Amino acid sequence: MDALSPPPYRQLSRQGQASHSGSELPRYTRRNTLVHPVVPREPSQHVFSLSDGRATPWLVLKISNSAKSTKSLPIFHEKENINATIELHAEKGDSSIQSVTALVRGRVITGPRSDETVTFLTILHPIWARSADTPRTPSPSEGANGTKLFGDCIWSFSIPLPKTVAVGKSGAQFRLPETFSERYLAASVQYDLTIHVSRGKFRTDSQIRTPFGFVPSSKPEPPSIFRQLAYQQSMPVPGPSTDPQGWKTLPTCKAKGTTLQNCPVDVRCTLSLAVPLCYTRGSVIPCCLTLSSEDAQALDMIIASDSINVNLLRKVGYTSAPGIEKKRVAHQDFSREFGKANWWPSASIQSDHFNRHLEGEIRLAKDLKPTSLMDHFSISYSVVLRSFNISTLKSANSEILLSEPVDIVVAYARGPRPIAYSPPSYDSHSRENDHDY
């Protein structure tokens, strides 16, 4: 096969060779479908206000952030500061205001009770206080520099978000997780910014509170030199036989079954995953698979029926009472598969009568949540190979034969970005998230 031509996306015949019927998939021009030019985007500005029945707002919060649209929540990426401006109109003077503060919180919430919430991030930023001894945020407004606010007062502030936080009595360090909320899960990771206006006795305090999305900047180590060269030159990714350092080959497992004639069949499965076992969302997980059996017809049936189930399995785990009671509460795990591998004949190893050599990849959705761990809450991933479930080969339904933990991250590694070789229309991931985070 010409190194510069794309891999053939063709169905395999019963003899394991590529069929040339009119139903075969078309040849796709190789292009790096994952690389897009990076165009700097102007920051979005979200505006929140408080009127309390007045004709015009007396308290306004303006937040500059990385959201694509003001219709979504404000978004902040790791290493970005929360940059905001507060405008407070005190008319002829408001002697009831004692202080103005900004509060940033990050919480893991696993239920409605107070003991089902863990606050892992708390940043209190003073804006203004009546007492001159209390720290204040500098303001160009004359009415914000005394012991009583009057007129139009403006403060601009910048709050850096830490990369890690210490949680619990042990002081264990955890990296800030991405905002997480899904319709069918009780657990969520939430961030919010609150501007609190404190008043004296017998007066009601006021506040503006808005949730925001946080995105970490985790990234993998670069792949092998051979794979980087393949990506750079838009050539096929070298397999385990050519680039052994660039792959992890898992232990060979057996898929057992019986034919319709009740004849026992053993299929040996050898799965390889590209290393490092850490992949950027929006890219792919390169895979190689070898199926071996003394029953060549069984191999043909497996390939022709598209019953090779190599999937990305996500597991969300948490305890519902994370405080002192968490050791008494069972850990809950919720699993779901995201993406199924697409396969084509290997370009580097020729299949024979008893062996089928395949190359493939699992496409990763751009909105896939990254691997994370925060105290009692975790998001983890693994690539699993399930048994073959086809009518002509009876086997244990959906039995997991192999499982290998992998990490999903947000940013790309240094160097050329991965190339997707499978057609985009074959991406089996269905979008789950309802928010633009």
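Residues numbered from 1 in each chain as written. Predicted model: local features only at pLDDT ≥ 70, side-chain atom pairs only at ≥ 80, totals over all residues. Heavy atoms only, no water.

An unreviewed UniProt entry annotates the chain as Arrestin-like N-terminal domain-containing protein of Lentinula boryana.

Per the secondary structure count, the chain includes two helices and 25 strands. The 437 residues of the chain split such that 49% are buried. In the chain, of all internal contacts separated by at least 6 residues, the share reaching a separation of at least 24 is 65%. (Helix = DSSP H or I, 4+ residues; strand = E, 2+ residues; numbered from the N terminus. Buried < 20%, exposed > 50% of the residue type's maximum accessible area, 1.4 Å probe, protein only. Contact = heavy atoms within 4.5 Å.)

With that settled, consider the packing of aromatic side chains. Here the structure, examined in full by the defined rule, presents six aromatic pairs. Three or more aromatic residues joined by ring pairs make a cluster, and in this case those are F76, F120, Y191, F212 and F214. Over the aromatic face of F338 sits the side chain of R336, whose NZ or CZ is 4.4 Å from the ring centroid. (Phe/Tyr/Trp six-rings, centres within 6.5 Å; stacked < 30°, edge-to-face > 60°. Lys NZ or Arg CZ within 6 Å of the ring centre and 35° of its normal.)

We now examine the pairing of strand β15 (residues 264-274). With three bridges connecting them, strand β13 (residues 247-249) and β15 associate as antiparallel partners. Paired with K248 across the two strands is L273, which belongs to β15. By the bridge criterion, six bridges tie β15 to strand β17 (residues 284-292) in an arrangement that is antiparallel. Following the sheet pairing, L271 is matched in β17 by L289. (Pairing = 2+ DSSP bridges.)

Let us look at the nonpolar core. Within the largest apolar cluster, 85 residues are counted, with the highest numbers of intra-cluster contacts made by L88, F120, L149, L271 and L312. Here L271 is in contact with K248, T249, L250, C287, C288, L289, V310, W343, V383 and L402, once residues within four sequence places are set aside. Formed by eight residues, the second largest nonpolar core is a distinct cluster that contains V237, W247, A274 and C288. (Core = buried A, V, L, I, M, F, W, Y, C linked by side-chain atoms within 4.5 Å.)

Before going further, it helps to examine the sheet that holds strand β1 (residues 44-50). Here four strands make up an open sheet; going across it, the order is β1-β2-β4-β7 and the pairing antiparallel. Edge positions in the sheet fall to β1 and β7 (152-160), since each of these pairs with one other strand and no more. On average, each strand axis in the sheet is tilted by 15 degrees relative to the strand beside it, whichever way the strands run. Note that strand β4 (residues 81-89) and β7 share nine bridges and pair antiparallel. Counted as the bridge partner of T85 is S156 from β7. (Axes fitted to C-alpha atoms, helices over the stretch in contact; angles between N-to-C directions.)

To continue, consider the pattern of salt bridges. Here the structure, examined in full by the defined rule, presents 15 salt bridges. A salt bridge links R175 to E78; the shortest N-O distance between them is 3.0 Å. Of this pair, R175 sits in strand β9 (residues 172-175) while E78 is found in the loop between β3 (75-77) and β4, placing the two residues 97 residues apart along the sequence. Residue E78 is classed as buried on the basis of its relative accessible area, which comes to 8%. Among the ionic pairs, R113 bridges to E116, the shortest N-O distance being 3.5 Å. By relative accessible area, R113 is classed as partly exposed at 45%. A single salt-bridge network, built from bridges that share partners, covers R105, R107 and D192. (Salt bridge = Lys/Arg side-chain N within 4 Å of Asp/Glu carboxyl O.)

This part covers helix α2 (residues 296-304). Extensive coverage of α2 is indicated by the burial of seven of its nine residues. Listing the buried residues of α2 in full gives A296, A298, L299, D300, M301, I302 and I303. D306 occupies a position one or two residues after α2 and carries a positive phi of about 55 degrees.

It is worth spelling out unusual backbone geometry at this point. A cis amide bond, omega 0 degrees, links V275 with the succeeding residue P276. With respect to the helices and strands, the residue P276 is situated in the loop between β15 and β16 (278-280). One non-glycine residue with positive phi stands out, namely F202, at about 65 degrees. For F202, a relative accessible area of 86% gives the class exposed. With a phi angle near 55 degrees, S234 is a residue other than glycine that sits in the positive phi range. With respect to the element layout, S234 can be found in the loop between α1 (225-232) and β13.

On to α1. If you check which residues of α1 are buried, you get R227, Q228, A230 and Y231. Relative to the axis of α1, the buried residues are bounded by an arc of 160 degrees and lie together on one face. The exposed set on the far side of α1, more than 90 degrees from its buried face, consists of I225 and Q232. Just beyond α1, the residue with positive phi is S234, at close to 55 degrees. (Arc of directions from axis to C-beta.)

What follows covers the side chain of S346. When you line up the elements, S346 lands in the loop between β20 (342-345) and β21 (355-363). Taking the relative accessible area as the measure of exposure, S346 reaches 17% and is therefore buried. For S346, the contacting residues outside a window of four places in its chain are H357, L358 and E359.

So, on to a positive patch on the surface. On the surface, a cluster of positive charge is made up of K79, K163, K219 and R414. Within the secondary structure layout, K79 lies in the loop between β3 and β4. Judged by its relative accessible area of 72%, K79 is exposed. (Patch = residues over 30% accessible without salt bridge, like charges linked within 9 Å, V, L, I, M, F, W, Y side chains within 5 Å. Areas by Shrake-Rupley, 256 points an atom, 1.4 Å probe, with all protein chains shown as cover. Lys, Arg positive; Asp, Glu negative; His and termini not counted. Charge placed at Lys NZ, Arg CZ, Asp CG, Glu CD.)

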